[in-house]
Amino acid sequence: TDTRTITVLSYSTLCQEVAKDLPYVCHKVSNWLKRREILLREIFSFDADVMCLQDVDDFKEWWRPQLSQAGYDAIYKKRTTHLRPRQEGIVVAYKRDT
């Protein structure tokens, strides 16, 4: 029999709004332009078939193009809350068939 293994990654990207307000996160790490590159390298290093990303912001501008270029299709759902407007959401990304 032919068996196929599917790898799934769950990862919190720590959205910008939260990262800048955490007292224990140093400025170098909270800088979005630097942090997004580090996040991308780390997430892609797992080479997962399916990725579940939490606390994602800048989806259309940053994440969607990066995921697409790496061979993933993605679905994004912005967080909904009645307490205060939020900009982050979740992403389910999966490798396209080749």
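These remarks concern the structure in this document. The model shown is predicted, which means the values in this text are computed figures rather than measured ones.

Quick look at the overall build of the protein chain now. From N to C terminus, the protein chain includes four helices and four strands. Secondary structure of the protein chain in N-to-C order comes out as β-α-α-α-β-α-β-β. Scored against the burial criterion, the 98 residues of the protein chain give a buried share of 32%. Look at the contacts in the protein chain between residues 6 or more apart in sequence, and 60% of them connect residues 24 or more apart. Counting every atom, the protein chain has about 7,000 Å² of accessible surface; 53% of that belongs to carbon and sulfur.

Moving on: the packing of aromatic side chains. Applying the stated criterion across every chain, the model contains two aromatic pairs. An angle of 5 degrees between the planes, with centres 4.8 Å apart, marks the rings of Phe59 and Tyr76 as stacked. Here the residue Phe59 occupies a position in helix α4 (residues 59-69), and Tyr76 occupies one in strand β3 (residues 72-78), the gap between them amounting to 17 residues. Residue class for Phe59 comes out buried when judged on its relative accessible area of 4%. A cation sits over an aromatic face here: Arg36 above Trp62, 4.0 Å from the ring centre.

Two elements in contact, helix α3 (residues 32-45) and α4, have axes separated by 12 Å at closest approach and are oriented at 30 degrees. Between α3 and α4, the crossing angle belongs to the class labelled roughly parallel. In this structure, α3 meets α4 at a crossing whose hand is right-handed. Residue-level inspection shows Trp32, Arg36, Glu37, Leu39, Leu40, Ile43 and Phe44 of α3 in contact with α4, the latter providing Trp62, Trp63, Gln66 and Leu67. Its residues placed into classes, the contact of α3 with α4 shows eight nonpolar, one polar and two charged.

The sheet contact formed by strand β1 (residues 8-12) and strand β2 (residues 50-56) spans five bridges and is parallel. Paired with Ser12 across the two strands is Gln54, which belongs to β2. The pairing of β2 with strand β4 (residues 89-95) spans five bridges and is antiparallel. The partner of Met51 across the bridge, within β4, is Ala93.

Rules and cut-offs
- Residues numbered from 1 in each chain as written.
- Predicted model: local features only at pLDDT ≥ 70, side-chain atom pairs only at ≥ 80, totals over all residues.
- Heavy atoms only, no water.
- Helix = DSSP H or I, 4+ residues; strand = E, 2+ residues; numbered from the N terminus.
- Buried < 20%, exposed > 50% of the residue type's maximum accessible area, 1.4 Å probe, protein only.
- Contact = heavy atoms within 4.5 Å.
- Areas by Shrake-Rupley, 256 points an atom, 1.4 Å probe, with all protein chains shown as cover.
- Phe/Tyr/Trp six-rings, centres within 6.5 Å; stacked < 30°, edge-to-face > 60°.
- Lys NZ or Arg CZ within 6 Å of the ring centre and 35° of its normal.
- Axes fitted to C-alpha atoms, helices over the stretch in contact; angles between N-to-C directions.
- Parallel < 35°, antiparallel > 145°, perpendicular 65-115°, else oblique.
- Left-handed = near helix turned anticlockwise from the far one by under 90°.
- Nonpolar A, V, L, I, M, F, W, Y, C, P; charged D, E, K, R; others polar.
- Pairing = 2+ DSSP bridges.

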